[in-house]
Amino acid sequence: MINNLENILASVAKNAYIKPETVTPLSVFTADLSADATILDDTVHVVKIAAGTAKEKQEGVAYTPDATASTVPVQLTKRFYSAANVTDITFSRMSDQMRADLFAGSAVKLGKQMVATVNALVEKQTKTAEFTPSFAGVAAAKAEATKAGVEGELIMCLAPETYDALVADPDVAKIAAIGGNNDVFAKGEIAQLHGVKVVRLPAAPAGTVGYLTQKSAIAVASRTTPLPNSDAGTIISDDKTGLSFSHKFIEDADTAAVKVVTEILFGAEIVDDSVIVKLTAKTA
C-alpha cells in the first residue's frame, strides 16, 4: 500500500481539524452528531428536553419535575461525500498537513450540504418578519417572534452577508470587543444578543436573510458510514460537539490513483413549525 496507508491515516487523524464554522450552524439545534456507524435511512432518536418553571419545595411533598425528556425520530435520508482523485505519485508526495487540510476542506463542503438540508425544511414555513442587521434590529425581530409565540432559547440563523453586516454594526462590534468574544469573528457565533444566540450560516433559506427559532424546533442527526478496514479508513471527530466524518482512502491499482473520500450520513426534521419565523430584508 502507498507509504503504508494505516500510518498516513493515523497522521491525518492527529493533524486534521473540523473548522468551527462547519459545526456551529448544526450544534445550535437539538442534535445528535454521534460517530456511530450505521446505514442510510436508519432512524436516530435525538434527545429533546423541555424545561418548565422552577418550583418551590414544600415540606412533606414529593419533588415534581418541571422538565421532561423525550426523543425525536430523525431519519438519515442523505449520504453526503466529498472526494478527491489523485495519482499515486502525487499522493505519496503530499505532506501530513496537506492531507489534513484536504479533509478540513471536504468537511466544510459537507457542512454546507447539511445546512442546505435544514434550509429546505425552513423554506416551507409561513411566518415571516422583516429584519435589519443591527443591534436594534435584533431586538425588533425578537419582539416580532415573541408576538408569534416564539420564546425560550432563541436562535437566529443568518445569511453570511447579513451576519457580517450585523457584526459591522457599531453597537454589536463594541459589545464583542468589550466581551473579548473572538467567536463573533472566528467562529461566526454571537453567544448572546438581546437574549438571542446568533449564528452565521453558509447560506440562508431561499427568499430570506435567515430565520429565528427555538433551539428545540429543529432536530438534526448524523452518523458515520462503515469503514472498509482499519488500514484504509478512520473516523475524524470534533471533540466539543462530537460531529464526526468517515475519512478513507480507496486505491485503484489499475489506474494508479487514490480516491480520498470524506463522508457522512445526515437527517433533519422540523419538530415544531409554529415557532419558526423566516426573516426578510427590511424594505425602505
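Further up the page is the structure itself.
A few points on the structure. (Residues numbered from 1 in each chain as written. Predicted model: local features only at pLDDT ≥ 70, side-chain atom pairs only at ≥ 80, totals over all residues. Heavy atoms only, no water.)

### Description of the overall build of the protein
Counting its regular elements, the protein contains 8 helices and 14 strands. With the C-alpha coordinates aligned to their principal axes, the bounding extent of the protein is approximately 65 × 55 × 35 Å. Of all 284 residues assigned to the protein, the portion counted as buried reaches 44%. Nonlocal contacts in the protein, meaning residues at least 24 apart in sequence, comprise 77% of its contacts between residues at least 6 apart. The protein carries 26 positive and 33 negative side-chain charges, and their two centres are separated by 3 Å. (Helix = DSSP H or I, 4+ residues; strand = E, 2+ residues; numbered from the N terminus. Buried < 20%, exposed > 50% of the residue type's maximum accessible area, 1.4 Å probe, protein only. Contact = heavy atoms within 4.5 Å. Lys, Arg positive; Asp, Glu negative; His and termini not counted. Charge placed at Lys NZ, Arg CZ, Asp CG, Glu CD.)

### Side note on the nonpolar core
Counting 64 residues, the largest nonpolar core has Val 118, Met 156, Ile 190, Val 198, Ile 218 and Phe 245 as its most contacted members. Top contributing element to this core by residue count: helix 4 (residues 96-122), with 8 residues. In contact with Ile 218, other than residues within four places in its own chain, are Phe 29, Thr 30, Val 118, Val 122, Tyr 211, Thr 213, Glu 269, Ile 270, Val 271 and Ile 276. In terms of nonpolar packing, the next biggest core, distinct from the first, is built from 8 residues, Val 46, Val 74, Leu 76 and Ala 221 among them. (Core = buried A, V, L, I, M, F, W, Y, C linked by side-chain atoms within 4.5 Å.)

### Digging into the sheet that holds strand 9 (residues 210-214)
Spatial ordering of the open sheet is given by 5-14-9-6-8-7, a layout of 6 strands whose pairing is mixed. Edge positions in the sheet fall to strand 5 (128-131) and strand 7 (189-193), since each of these pairs with one other strand and no more. Averaged over neighbouring strand pairs, the angle between their axes works out to 25° when direction is ignored. Sheet analysis places strand 9 next to strand 14 (residues 276-281), joined by 4 bridges and oriented antiparallel. Bridging across to strand 14, Thr 213 finds its partner in Ile 276. (Pairing = 2+ DSSP bridges. Axes fitted to C-alpha atoms, helices over the stretch in contact; angles between N-to-C directions.)

### Some thoughts on the pattern of salt bridges
Per the counting criterion, the structure on display carries 9 salt bridges. Linking Arg 200 and Asp 164 is a salt bridge whose minimum nitrogen-to-oxygen distance equals 3.0 Å. Of this pair, Arg 200 sits in strand 8 (residues 196-200) while Asp 164 sits in helix 6 (residues 160-168), and the two are 36 residues apart along the sequence. Classification of Arg 200 by relative accessible area gives partly exposed; the value is 32%. The residue Glu 263 makes a salt bridge to Lys 248 at a minimum N-O spacing of 3.1 Å. Here Glu 263 is found in strand 13 (residues 257-270), whereas its partner Lys 248 is found in strand 12 (residues 244-252), with 15 residues between them in sequence. Given the relative accessible area of 8%, Lys 248 is considered buried. Within this structure, Arg 79, Lys 248 and Glu 263 form a network of salt bridges that share partners. (Salt bridge = Lys/Arg side-chain N within 4 Å of Asp/Glu carboxyl O.)

### Some thoughts on helix 5 (residues 135-147)
A rise of 1.5 Å per residue sets the reference length of helix 5, with its 13 residues, at 18 Å; its end C-alpha atoms lie 19 Å apart and thus fit the reference within 8%. Those residues of helix 5 that fall on the buried side of the exposure criterion are Gly 137, Val 138, Ala 141 and Ala 145. The arc that holds the buried residues of helix 5, viewed along the axis, is 100°, so those residues lie on one side. What points out from helix 5, more than 90 degrees from its buried face, is the exposed set Ala 136 and Lys 147. Following helix 5 by one or two positions, Gly 149 has its phi on the positive side, about 90°. (Expected span 1.5 Å × (residues − 1). Arc of directions from axis to C-beta.)

### Brief notes about the side chain of Thr 262
Relative to the assigned elements, Thr 262 resides in strand 13. Within the local environment of Thr 262, its side chain forms a polar contact with the side chain of His 247, the two groups lying 2.9 Å apart. Not counting residues within four places of it along the chain, the set of residues in contact with Thr 262 comprises Phe 80, Tyr 81, Ser 82, Phe 103, Ser 106, Leu 110, Phe 245, Ser 246 and His 247. (Polar contact = N/O pair within 3.5 Å; in protein donor to acceptor, adjacent residues only side chain to side chain.)

### Remarks on the side chain of Thr 208
Here Thr 208 is to be found in the loop between strand 8 and strand 9. For Thr 208, the side chain forms a polar contact with the main-chain oxygen of Pro 205, separated by 2.8 Å.

### Observations regarding the environment of Leu 265
Along the polypeptide, Leu 265 turns up in strand 13. When near neighbours in sequence (up to four residues on either side) are disregarded, Leu 265 contacts Thr 38, Ile 39, Leu 40, Leu 76, Lys 78, Arg 79, Ala 221, Ser 222, Arg 223, Thr 224 and Thr 225.

### As for the packing of aromatic side chains
Evaluation of the coordinates by the stated rule reveals 2 aromatic pairs. The interplanar angle of 75° and the centroid separation of 5.1 Å between the aromatic rings of Phe 91 and Phe 249 together place this pair among those described as edge-to-face. With Phe 91 in helix 3 (residues 88-93) and Phe 249 in strand 12, this pair connects stretches of sequence that are 158 residues apart. Accessibility expressed as a relative area gives 0% for Phe 91, which makes it buried. Against the face of Tyr 63 rests Lys 57, its NZ or CZ located 5.0 Å from the ring centre. (Phe/Tyr/Trp six-rings, centres within 6.5 Å; stacked < 30°, edge-to-face > 60°. Lys NZ or Arg CZ within 6 Å of the ring centre and 35° of its normal.)

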